[in-house]
Amino acid sequence: MPQQVLTDTVRVAIHSPDAIVRAGLVSYLRNDRRTREVPPDRIREADVVVVAVDLADASSLDLLTGLCDKPEARFAMVVGKRWQADVAAAVDLGVRAVLWRDSFSPETFIRTLLTVTEGGGSLPADLQGTLMEQVSRTQREVLSPRGLTASGVSPREVDVLRLVAEGEELSEIATRLSYSERTVKYILYGLMKRLHLRNRAHAVSYGIRTGLI
C-alpha cells in the first residue's frame, strides 16, 4: 500500500482515564511542531487516536469503537502493565501501534505517531510474535483446509485475476491454465461475488491494491 505523504501537522486525540498520564502525553505533542492535539469532541478529525490504559484486555478493545467509530480510524495504545487482549482483534479494530508506558521516550512517541499516520505500524516484539502465531494458526486450521490463503483468495483465483489484469480474454485464460472457459468464469465471478467487486476492472484494482497481483 502506498504511504501517505505528510503535508501538515499530525492531528492526535488522546484518551486516558489517568489525568497525569494524559497531561504527559499532551506535553509531548505540544513540544513537537509536527503534531497537535485534537479535542475529545472532535476525535473523528484525528489522524491517530492515542488510548492509554493500565491493562489492555477485551474491555479496552470495546473502548476503541466507542471512542471513534470511523472505519479507517487508527489507534496507538500506551499500555501501563500488560497485554491480555487478542492481538489480531486489536489490529482488526485499527490498532497500529502499542507502546509500553514505562519504556518509551517523547521522541519514540512522536516517531510512532508519524509512522502510524504514514500507514505503518509498530508493535513490541512479543506482540508481533503472538500476532504471527495467530495468523499462522488461522492459515493452518481455517484457510488451508478450504484452499484459501491469508488474503481469503485461493491460488487459482490469483492466477485468473493476474491474467485478467494482463488483458487476457476468458478463452485465452482457459487455454493458458488448462481450464474450461466455464470454469474460468466460475472462478472469476465467484471471487467478485465473495469480495463484493462490481466488475473485472474493480477486481483488478482490488488485486493491485491489496498486493495479490
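From a predicted model like this one, the values you see are computed outputs, not experimental measurements.

Caption draft 1: Quick look at the pairing of strand β5 (residues 95-100). Sheet analysis places strand β4 (residues 75-83) next to β5, joined by five bridges and oriented parallel. Paired with Phe-75 across the two strands is Val-95, which belongs to β5. A crossover links β4 with its parallel partner β5, the connecting element being helix α3 (residues 87-92), and its sense is right-handed.

Caption draft 2: The arrangement of the sheet that holds β5 in detail. In spatial order, the strands read β2-β1-β3-β4-β5; together these five strands make up an open sheet with parallel pairing. Sheet topology places β2 (35-37) and β5 at the edges, where each strand pairs with a single neighbour. Geometrically, the sheet is characterised by an average inter-axis angle of 30° between neighbouring strands, direction not taken into account. Here strand β3 (residues 48-56) runs beside β4; their pairing, made up of seven bridges, is parallel. When the bridges of β4 are listed, Val-50 appears paired with Ala-76. Against the sheet, helix α4 (residues 106-117) engages β1 (10-15), β2, β3, β4 and β5, with an angle of about 170° to β5.

Caption draft 3: Layout of the packing of helix α6 (residues 155-165) against helix α9 (residues 200-209). Running from N to C, α6 and α9 cross one another at 110°; their axes reach a closest spacing of 10 Å. As summarised for this structure, α6 and α9 are arranged roughly perpendicular, according to the angle between their axes. Judged by the sense of rotation from one axis to the other, the crossing of α6 with α9 is left-handed. Across the interface between the two elements, Leu-161, Val-164 and Ala-165 of α6 pack against Arg-200, Ala-203, Val-204 and Gly-207 of α9.

Caption draft 4: Structural detail: the packing of helix α1 (residues 19-30) against α4. Look at α1 against α4: their axes get within 10 Å of each other, and the N-to-C directions meet at 75°. Relative to α4, the element α1 lies roughly perpendicular. In this structure, α1 uses Leu-25, Tyr-28 and Leu-29 to contact α4, whose residues at the interface are Pro-106, Phe-109, Ile-110 and Leu-113. Here the residues of the contact of α1 with α4 sort into seven nonpolar, no polar and no charged.

About the criteria used
- Counting starts from 1 at the beginning of each chain's written sequence and moves along it residue by residue.
- Note on the predicted model: pLDDT of at least 70 is required for a residue's local features to be given, and 80 or more for side-chain atom pairs to be given and counted; whole-chain, interface and lining totals, by contrast, use all residues.
- Excluding hydrogens and water, the side-chain values take into account all heavy atoms of the structure.
- At least two DSSP bridges between two strands are required for those strands to pair.
- Elements are defined by DSSP. Helices are runs of H or I of four residues or more, strands are runs of E of two residues or more, and each kind is numbered from the N terminus.
- Every crossover in which the path from the first strand over the helix to the second runs clockwise, viewed with the strands pointing away from the viewer, is termed right-handed.
- Simply put, an axis is a line fit to the C-alpha atoms, just over the touching stretch for a helix, and the angle between two N-to-C directions goes from 0 to 180 degrees.
- Working rule for contacts: check all heavy atoms of both residues, and any pair within 4.5 Å makes them a contact.
- By the definition adopted for this analysis, an angle is roughly parallel if under 35 degrees, roughly antiparallel if over 145, roughly perpendicular if from 65 to 115, and oblique otherwise.
- Two helices cross in a left-handed way if the nearer one is turned anticlockwise from the farther one by less than a right angle. They cross in a right-handed way if the turn is clockwise.
- Here the term charged refers only to Asp, Glu, Lys and Arg, the term nonpolar to Ala, Val, Leu, Ile, Met, Phe, Trp, Tyr, Cys and Pro, and the term polar to all other amino acids, Gly among them.

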